[in-house]
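Overview (structure and organization)
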Amino acid sequence: QGVYLSVYIVMGAPPAIQADMNTRLHVLNQPKLPLGDEQPEHLMLHLVKLKKWGQEIGSEVYITGPLPGAPDAAKQALGRRFVITSFESDGLRGLISSIGANDSGPAVCDWLRTNLLDGRDTQEVLRSLLTNLSLDINSTPLVTFLADFQVITEEIQPALPAREKCLTYAQKFPAETLSII
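Residues numbered from 1 in each chain as written. Predicted model: local features only at pLDDT ≥ 70, side-chain atom pairs only at ≥ 80, totals over all residues. Heavy atoms only, no water.

This paragraph deals with the overall build of the protein chain. Across its full length, the protein chain carries 11 helices and zero strands. Every one of the 181 residues in the protein chain was classed for burial, and the buried ones make up 35%. Counted over contacts in the protein chain with a minimum sequence separation of 6, partners at least 24 positions apart contribute 58%. Accessible surface for the protein chain amounts to roughly 10,500 Å². Of this, 58% is attributable to carbon and sulfur atoms. (Helix = DSSP H or I, 4+ residues; strand = E, 2+ residues; numbered from the N terminus. Buried < 20%, exposed > 50% of the residue type's maximum accessible area, 1.4 Å probe, protein only. Contact = heavy atoms within 4.5 Å. Areas by Shrake-Rupley, 256 points an atom, 1.4 Å probe, with all protein chains shown as cover.)

Here we take up the side chain of Gln30. Looking at where Gln30 falls in the secondary structure, it is placed in the loop between α2 (15–28) and α3 (40–57). Looking at Gln30, its side chain comes within polar contact range of the main-chain oxygen of Phe82, at 2.4 Å. Within the local environment of Gln30, its side chain forms a polar contact with the side chain of Thr85, the two groups lying 3.4 Å apart. Setting aside its immediate chain neighbours within four residues, Gln30 contacts Trp53, Phe82, Thr85 and Ser86. (Polar contact = N/O pair within 3.5 Å; in protein donor to acceptor, adjacent residues only side chain to side chain.)

In the contact formed by helix α5 (residues 73–85) and helix α6 (residues 90–98), the axes pass within 9 Å of each other and the chain directions differ by 150 degrees. As judged from the angle between their axes, α5 and α6 are roughly antiparallel. Judged by residue contacts, Arg80, Ile84 and Thr85 of α5 engage Arg93, Ile96 and Ser97 from α6. When the residues that make up the contact of α5 with α6 are grouped by side-chain class, the tally is two nonpolar, two polar and two charged. (Axes fitted to C-alpha atoms, helices over the stretch in contact; angles between N-to-C directions. Parallel < 35°, antiparallel > 145°, perpendicular 65-115°, else oblique. Nonpolar A, V, L, I, M, F, W, Y, C, P; charged D, E, K, R; others polar.)

With that out of the way, let us pick up the pattern of salt bridges. For the structure shown, the criterion picks out seven salt bridges. The partner of Glu41 in a salt bridge is Arg120, with the nearest N and O atoms 2.8 Å apart. A residue pair is termed long-range when its members are at least 10 positions apart, and Glu41 in helix α3 and Arg120 in the loop between α7 (105–115) and α8 (122–132) qualify at 79 residues. Ionic pairing is found between Asp148 and Lys49, a salt bridge with its closest N-O pair at 3.0 Å. Separated by 99 residues along the polypeptide, Asp148 in helix α9 (residues 142–155) and Lys49 in helix α3 bring together distant segments of the chain. (Salt bridge = Lys/Arg side-chain N within 4 Å of Asp/Glu carboxyl O.)

A separate point is the packing of aromatic side chains. On inspection of all chains with the given rule, the structure shows six aromatic pairs. When the centroid spacing of 5.9 Å and the interplanar angle of 35 degrees are considered together, the rings of Phe145 and Tyr169 count as tilted. Of the two residues, Phe145 sits in helix α9 while Tyr169 sits in helix α10 (residues 162–171), which places them 24 residues apart along the sequence. The class for Phe145 is buried, based on a relative accessible area of 1%. Of the residues examined, Tyr169 reaches a relative accessible area of 23% and is grouped as partly exposed. Joined through ring pairs, the aromatic side chains of Phe145, Phe149, Tyr169 and Phe173 make up one cluster. (Phe/Tyr/Trp six-rings, centres within 6.5 Å; stacked < 30°, edge-to-face > 60°.)

Of note, the amide linkage connecting Gly65 to Pro66 takes the cis form, showing an omega dihedral of -5 degrees. By the secondary structure assignment, Pro66 is in the loop between α4 (60–63) and α5. In this structure, Pro158 follows Gln157 across a cis peptide bond, with omega equal to -5 degrees. One can find Pro158 in the loop between α9 and α10. Here the phi dihedral of Asp118 falls at roughly 55 degrees; this positive angle occurs in a residue that is not glycine. Structurally, Asp118 is set in the loop between α7 and α8. The exposure class assigned to Asp118 is exposed, which follows from its relative accessible area of 61%.

Coordinates in, geometry out; function isn't part of it.
Encoded structure:
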């Protein structure tokens, strides 16, 4: 497939084919919420990662929102599909698909925040994520830990002061890890 992709890009594929290829490329890096990980904290972290992925592919407004003033219906449908397919649970995908008002990615994300965070505010869940985040050097790569710390702290509002963010980061390392670093 990589050979054909290169040929199409160089030769200038028709717009419909190019759009389909771009969609397939984006989905390769799409964050997925594993089956059984539907707890509020994991769901919130997944939505944050989905937002970052939307920024990466230039489609955040159609995936997590907010939608532009005059949204494109096809892009809204694609954003919805991106959000729904980011869940490995057939049951959760089916539930989301059955809700009539979820006609766009942002609508699905809003519904998830409203209905699946156990009645908690998104900021409360983000702060809980940050509180419970810690580095286990034996099971979590440092870069994964750093990425999770960064995406969580970027979403907390009001933003953490730099000093507090730095202290919080340092506290997440076990003492034996700090002595190695």
